[in-house]
Amino acid sequence: LFTHFALVGMYPLLLRDGLLQPYLVMTSLSWILIFFIHKQVHTVQMPNKMQTYASILYSGSIILTLLLHILEFSVKPPQRYPDLHVLILMIICATANIISLLVTNAYMF
(Lines give C-alpha, C1' and ligand atoms only; values in the text may rest on other atoms or scores of the structure.)
Protein backbone atom coordinates (compact mmCIF):
# COMPACT_ATOMS: atom_id res chain seq x y z
CA LEU A 1 0.00 0.00 0.00
CA PHE A 2 2.88 2.34 0.68
CA THR A 3 4.12 2.22 -2.92
CA HIS A 4 0.59 2.64 -4.23
CA PHE A 5 -0.05 5.83 -2.29
CA ALA A 6 3.47 7.08 -3.01
CA LEU A 7 2.62 6.75 -6.70
CA VAL A 8 -0.75 8.44 -6.24
CA GLY A 9 0.99 11.23 -4.31
CA MET A 10 3.22 11.88 -7.32
CA TYR A 11 0.18 12.35 -9.57
CA PRO A 12 0.20 16.19 -9.59
CA LEU A 13 3.87 16.26 -10.57
CA LEU A 14 3.44 13.65 -13.27
CA LEU A 15 0.37 15.43 -14.64
CA ARG A 16 2.23 18.74 -14.78
CA ASP A 17 5.12 17.09 -16.67
CA GLY A 18 2.76 15.48 -19.17
CA LEU A 19 3.31 11.93 -17.94
CA LEU A 20 -0.34 10.95 -17.50
CA GLN A 21 -0.11 7.80 -19.64
CA PRO A 22 2.83 6.27 -17.69
CA TYR A 23 1.00 7.19 -14.47
CA LEU A 24 -2.11 5.31 -15.61
CA VAL A 25 -0.03 2.27 -16.56
CA MET A 26 1.82 2.25 -13.22
CA THR A 27 -1.41 2.76 -11.27
CA SER A 28 -3.04 -0.13 -13.13
CA LEU A 29 -0.05 -2.35 -12.36
CA SER A 30 -0.25 -1.23 -8.74
CA TRP A 31 -3.91 -2.26 -8.59
CA ILE A 32 -3.08 -5.66 -10.11
CA LEU A 33 -0.32 -6.08 -7.53
CA ILE A 34 -2.71 -5.11 -4.72
CA PHE A 35 -5.22 -7.68 -6.01
CA PHE A 36 -2.64 -10.50 -6.00
CA ILE A 37 -1.34 -9.50 -2.57
CA HIS A 38 -4.93 -9.45 -1.33
CA LYS A 39 -5.41 -13.02 -2.61
CA GLN A 40 -2.11 -14.05 -1.01
CA VAL A 41 -3.16 -12.62 2.36
CA HIS A 42 -6.26 -14.80 2.36
CA THR A 43 -4.24 -17.97 1.67
CA VAL A 44 -1.85 -17.32 4.58
CA GLN A 45 -2.98 -18.46 8.01
CA MET A 46 -3.77 -15.19 9.75
CA PRO A 47 -6.33 -14.32 12.38
CA ASN A 48 -9.72 -13.39 10.92
CA LYS A 49 -9.46 -9.94 12.44
CA MET A 50 -6.17 -9.26 10.60
CA GLN A 51 -7.64 -10.59 7.32
CA THR A 52 -10.56 -8.21 7.71
CA TYR A 53 -8.23 -5.25 8.27
CA ALA A 54 -6.12 -6.23 5.26
CA SER A 55 -9.23 -6.57 3.11
CA ILE A 56 -10.48 -3.13 4.15
CA LEU A 57 -7.09 -1.56 3.50
CA TYR A 58 -6.65 -3.11 0.06
CA SER A 59 -10.18 -2.42 -1.13
CA GLY A 60 -10.30 1.00 0.46
CA SER A 61 -7.07 2.10 -1.19
CA ILE A 62 -8.38 1.40 -4.67
CA ILE A 63 -11.78 2.98 -3.98
CA LEU A 64 -10.17 6.04 -2.39
CA THR A 65 -7.83 6.50 -5.35
CA LEU A 66 -10.69 6.27 -7.81
CA LEU A 67 -12.76 8.75 -5.80
CA LEU A 68 -9.90 11.23 -5.62
CA HIS A 69 -9.37 11.17 -9.37
CA ILE A 70 -13.08 11.38 -10.17
CA LEU A 71 -13.49 14.34 -7.81
CA GLU A 72 -10.51 16.11 -9.32
CA PHE A 73 -11.94 15.91 -12.83
CA SER A 74 -15.57 16.63 -11.89
CA VAL A 75 -15.31 19.32 -9.19
CA LYS A 76 -13.47 22.57 -9.84
CA PRO A 77 -11.54 24.02 -6.92
CA PRO A 78 -12.52 27.50 -5.72
CA GLN A 79 -10.66 30.38 -7.35
CA ARG A 80 -9.26 31.42 -4.01
CA TYR A 81 -7.59 28.01 -3.50
CA PRO A 82 -6.54 26.68 -6.94
CA ASP A 83 -4.35 23.93 -5.45
CA LEU A 84 -7.02 22.53 -3.15
CA HIS A 85 -7.16 19.17 -4.97
CA VAL A 86 -3.40 18.74 -4.67
CA LEU A 87 -3.52 19.58 -0.97
CA ILE A 88 -6.33 17.10 -0.29
CA LEU A 89 -4.49 14.44 -2.29
CA MET A 90 -1.29 15.00 -0.31
CA ILE A 91 -3.09 14.88 3.05
CA ILE A 92 -4.82 11.62 2.16
CA CYS A 93 -1.65 10.04 0.75
CA ALA A 94 0.42 11.04 3.77
CA THR A 95 -2.25 9.68 6.12
CA ALA A 96 -2.47 6.44 4.16
CA ASN A 97 1.31 6.05 4.22
CA ILE A 98 1.38 6.55 7.99
CA ILE A 99 -1.41 4.00 8.44
CA SER A 100 0.45 1.60 6.16
CA LEU A 101 3.59 2.08 8.25
CA LEU A 102 1.72 1.41 11.49
CA VAL A 103 -0.05 -1.66 10.14
CA THR A 104 3.20 -3.07 8.78
CA ASN A 105 4.96 -2.54 12.09
CA ALA A 106 2.05 -4.07 14.01
CA TYR A 107 2.11 -7.09 11.73
CA MET A 108 5.89 -7.51 12.07
CA PHE A 109 5.97 -7.28 15.84
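The structure reproduced in this document is the subject of the present report.

1. Digging into the nonpolar core
Next, step 1: F5, L7, V8, Y11, L14, Y23, L68, L89, C93 and A96 together form the largest nonpolar core, which totals 10 residues.
Next, step 2: Looking at this core, the elements that each hand over two or more residues are α1 (2–9), α2 (11–16) and α5 (84–108).
Next, step 3: Ignoring anything within four residues of it in the chain, the contact list for L7 reads Y23, M26, T27 and S30.

2. Here we look at the packing of aromatic side chains
Within a pair of aromatic rings, the relevant descriptors are the distance that separates the centres and the angle that separates the planes.
Next, step 1: This model, assessed by the stated rule, comprises 1 aromatic pair.
Next, step 2: Taken together, a centroid distance of 4.9 Å and an interplanar angle of 50° make the contact between Y11 and Y23 tilted. Of this pair, Y11 sits in helix α2 while Y23 sits in helix α3 (residues 20–43); the two residues are 12 residues apart in sequence, bridging distant segments of the chain. Here the two residues Y11 and Y23 agree in accessibility, since each one is buried.

3. With respect to the packing of α1 against α5
Next, step 1: Where α1 contacts α5, the axes come no closer than 9 Å and their chain directions differ by 165°. When the interaxial angle is binned, α1 and α5 end up roughly antiparallel. Taken as a pair, α1 and α5 cross one another with a handedness that is left-handed. Here F2, F5, A6, V8 and G9 of α1 lie close against α5, whose contacting residues are L89, M90, C93, A96, N97 and S100.
Next, step 2: Per-class residue counts for the contact of α1 with α5 are 8 nonpolar, 3 polar and no charged.

Here is what the cut-offs are and how they apply
- Residues numbered from 1 in each chain as written.
- Predicted model: local features only at pLDDT ≥ 70, side-chain atom pairs only at ≥ 80, totals over all residues.
- Heavy atoms only, no water.
- Core = buried A, V, L, I, M, F, W, Y, C linked by side-chain atoms within 4.5 Å.
- Buried < 20%, exposed > 50% of the residue type's maximum accessible area, 1.4 Å probe, protein only.
- Helix = DSSP H or I, 4+ residues; strand = E, 2+ residues; numbered from the N terminus.
- Contact = heavy atoms within 4.5 Å.
- Phe/Tyr/Trp six-rings, centres within 6.5 Å; stacked < 30°, edge-to-face > 60°.
- Axes fitted to C-alpha atoms, helices over the stretch in contact; angles between N-to-C directions.
- Parallel < 35°, antiparallel > 145°, perpendicular 65-115°, else oblique.
- Left-handed = near helix turned anticlockwise from the far one by under 90°.
- Nonpolar A, V, L, I, M, F, W, Y, C, P; charged D, E, K, R; others polar.

Purely geometric stuff here, so don't read any function into it on its own.
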